[in-house]
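# Chains, contacts and geometry: an overview
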Amino acid sequence: MINGNLNKKTGKRDSPPFSYFSKHHDDAYKYGRTKDHAANQKMIANLAYADKNRSVDNRVGNTQEGDGWNFRGKGLIQLTGRENYTKANAYTLKYEKTDILKNPDIVSKDIKIAVLTSMAFFKWKGLIAESNGTPKTKKISEKVGNNVVDSHIQKQKAFSEYTSKIFKTSECDWKEIEIKTIGNRAPWMEIALNEARAMKGCYEGDEPMYTKAKSYLVYCKNNADPTDGENGPWCASYMNWCIGKTKNAKNKNQPYSHLKSAGSLAPINHDEYKNIPEPIYGCLVVYKATNGSGKGHTGFLYGKTKDGQYILLGGNQGDSIRFSSYGKSFTYNGVTKVLKGFYIPTDYENKDADKLRDGDIYESSAVVNKKYGIKPAPKKENKSN
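Residues numbered from 1 in each chain as written. Predicted model: local features only at pLDDT ≥ 70, side-chain atom pairs only at ≥ 80, totals over all residues. Heavy atoms only, no water.

## Quick look at the state of the cysteines
Under the definition given, this model contains zero disulfides. Free of any disulfide, C242 has its nearest neighbouring cysteine sulfur in C220, separated by 10 Å. With a relative accessible area of 0%, C242 lands in the buried category. (Disulfide = S-S within 2.5 Å. Buried < 20%, exposed > 50% of the residue type's maximum accessible area, 1.4 Å probe, protein only.)

## Some points on unusual backbone geometry
Residue P208 is reached from E207 by a cis peptide bond, and omega for that bond is 10°. Note on placement: P208 falls in the loop between α11 (188–199) and α12 (209–219). Its identity as a non-glycine residue notwithstanding, K168 has a phi of 50°, on the positive side. Summarising the element assignment, K168 is placed in the loop between α10 (151–166) and α11. Phi angles above zero are rare outside glycine, and D319 is one such case at about 60°. Along the chain, D319 falls in the loop between β4 (310–314) and β5 (322–326). (Helix = DSSP H or I, 4+ residues; strand = E, 2+ residues; numbered from the N terminus.)

## What to know about the nonpolar core
Grouped together as the largest cluster of nonpolar side chains are 54 residues, with contacts concentrated most on Y238, F300, Y302, L313, I321 and F323. Leave out the neighbours within four places in its chain, and Y302 touches M189, L193, Y281, I311, F323, D360, Y362, V368, K371 and Y372. The next biggest cluster of nonpolar side chains, apart from the first, holds 17 residues, and it includes Y85, A88, V107 and Y210. (Core = buried A, V, L, I, M, F, W, Y, C linked by side-chain atoms within 4.5 Å. Contact = heavy atoms within 4.5 Å.)

## Concerning empty space enclosed by the protein
Evaluation of the coordinates by the stated rule reveals two cavities of 30 Å³ or more. Forming the walls of the largest cavity are A236, M239, N240, G263, S264, P267, Y273, L284 and T298. If one sorts the elements of the lining of the largest cavity by residue count, helix α13 (residues 235–244) sits on top with three residues. Taken together, the residues of the lining of the largest cavity sort by class into five nonpolar, four polar and no charged. (1 Å grid on protein atoms, 1.4 Å probe; cavity = no way out; pocket = protein on both sides within 12 Å on 5 of 7 lines; lining within 4 Å. Points joined across faces, edges and corners; volume = space filled by probe spheres on them. Nonpolar A, V, L, I, M, F, W, Y, C, P; charged D, E, K, R; others polar.)

## Focus: the environment of V148
Relative to the elements of secondary structure, V148 occurs in the loop between α9 (138–144) and α10. For V148, a relative accessible area of 55% puts it in the exposed group. Taking C-alpha positions, V148 is 29 Å from T211, a pair spaced 63 residues apart along the chain.

## A word on the packing of helix α5 (residues 82–96) against helix α7 (residues 111–124)
As a packed pair, α5 and α7 sit with axes 9 Å apart at the nearest point and diverge in direction by 120°. Classed by the angle they form, the pair α5 and α7 counts as oblique. For the crossing formed where α5 meets α7, the hand is right-handed. For the pair α5 and α7, the contacting residues are N84, K87, A88, Y91, T92, Y95 and E96 in the first and K112, I113, L116, T117, A120, F121, K123 and W124 in the second. (Axes fitted to C-alpha atoms, helices over the stretch in contact; angles between N-to-C directions. Parallel < 35°, antiparallel > 145°, perpendicular 65-115°, else oblique. Left-handed = near helix turned anticlockwise from the far one by under 90°.)

## Describing the pairing of β5
Regular strands place their side chains on alternate faces of the sheet. When you tally the buried positions in β5, you get four out of five residues, the bulk of the element. Of the pairings in the sheet, the one linking β4 to β5 comprises five bridges and is antiparallel in character. Bridge pairing links L313 to F323 in β5. (Pairing = 2+ DSSP bridges.)

## So, α11
Helix length check: α11 (12 residues) gives 17 Å between terminal C-alpha atoms against 16 Å at 1.5 Å per residue, within 8%. In this structure, the buried residues of α11 make contact with α12, α13, β3 (296–305), β4, β5 and β7 (335–345). Trailing α11 by a residue or two, K200 shows a phi angle of about 55°, which is positive. (Expected span 1.5 Å × (residues − 1).)

## Remarks on the packing of aromatic side chains
Each aromatic ring pair is characterised by the separation of its centres together with the angle its planes make. If you walk through the whole model with that rule in mind, you get 19 aromatic pairs. Consider the rings of F121 and W124, whose centres lie 5.5 Å apart with planes at 70°: the pair is edge-to-face. With a gap of three residues between them, F121 and W124 both fall in helix α7, about one helical turn apart. Judged by relative accessible area, which is 12%, W124 ranks as buried. Joined through ring pairs, the aromatic side chains of Y216, W234, Y238, W241 and F300 make up one cluster. Between R72 and the ring centre of W69, over which it is positioned, the NZ or CZ distance is 3.7 Å. Directly above the aromatic system of Y203 lies the positively charged group of K375, at a separation of 4.0 Å from the ring centroid. (Phe/Tyr/Trp six-rings, centres within 6.5 Å; stacked < 30°, edge-to-face > 60°. Lys NZ or Arg CZ within 6 Å of the ring centre and 35° of its normal.)

Here it is, written out as structure tokens:
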């Protein structure tokens, strides 16, 4: 524990597994294996994994006596630490009525719990969307655990030679269907509508919306959880993700101009978008909070209501993808947001077909949601970002 194990391949010693014992030699000799006594595994775990004995960046929520041993690595991915067990516990309680905080050893004894906790870990870490379709395991392995004695290389080998073949991953129909724009209006709207149809109003905390919303945020380089009301609102990331799926024939089939940004106010001051004087079908409608927070809301214009409100197709509206109606301002959680303008990608040439017409006028946004099979919205519909 002090000097590290001898690496047979290199002939050198690896780094000690626990930094605590490299600085506390008395405890290392007291609790480690020697010629005079066996190792005291429980004390080793309690000392090595206690937050007070770890750097700030490596703390795992072990703040109580015995946490190190109780929440030591277990299960398929070696779930470690009270913090991770607490997150996984929400899923084991919901689906198996099992409290792993009260009975942490069950993670290593019950295969259902071992699998469920691993699936939960992949979900809250955003690894489901990131791992889909890739045969490379390095990035995923780095987010799951440390590279111990070339373990990441061994995991890649195991996946390539065994796991991928057993589960026939090359045949998995995971990819999104390529959407061909068949209309002559804003092409990103077909992609946005396809997402709305597929999600059916599913809430961001449930699957498949959680993984989808996470993928929108990751696309915009935001690693926050989509259920995080402060850092994870995803209205803008949904819109930019949709634009990112388009093909502009005049620019070598590259996507139309956009930012990989989760900020709803990004169109206001970035050259990737241009302001237009009148709203058109599919334009980005941007609202800004009046409290100076630098936050707001944005959505794609789908149409209008008979009383003149804008019907926006947006992400994070009622914690889901849905159609909602807005005037020139609206108030959510005591914060008023006002209309700042209408925007489209800089390289998109709006046409007569994009102008709003009689067929774009509806009784209400509820009518449109029903048309696309989207379940009714909750009373409060909008967060800020």
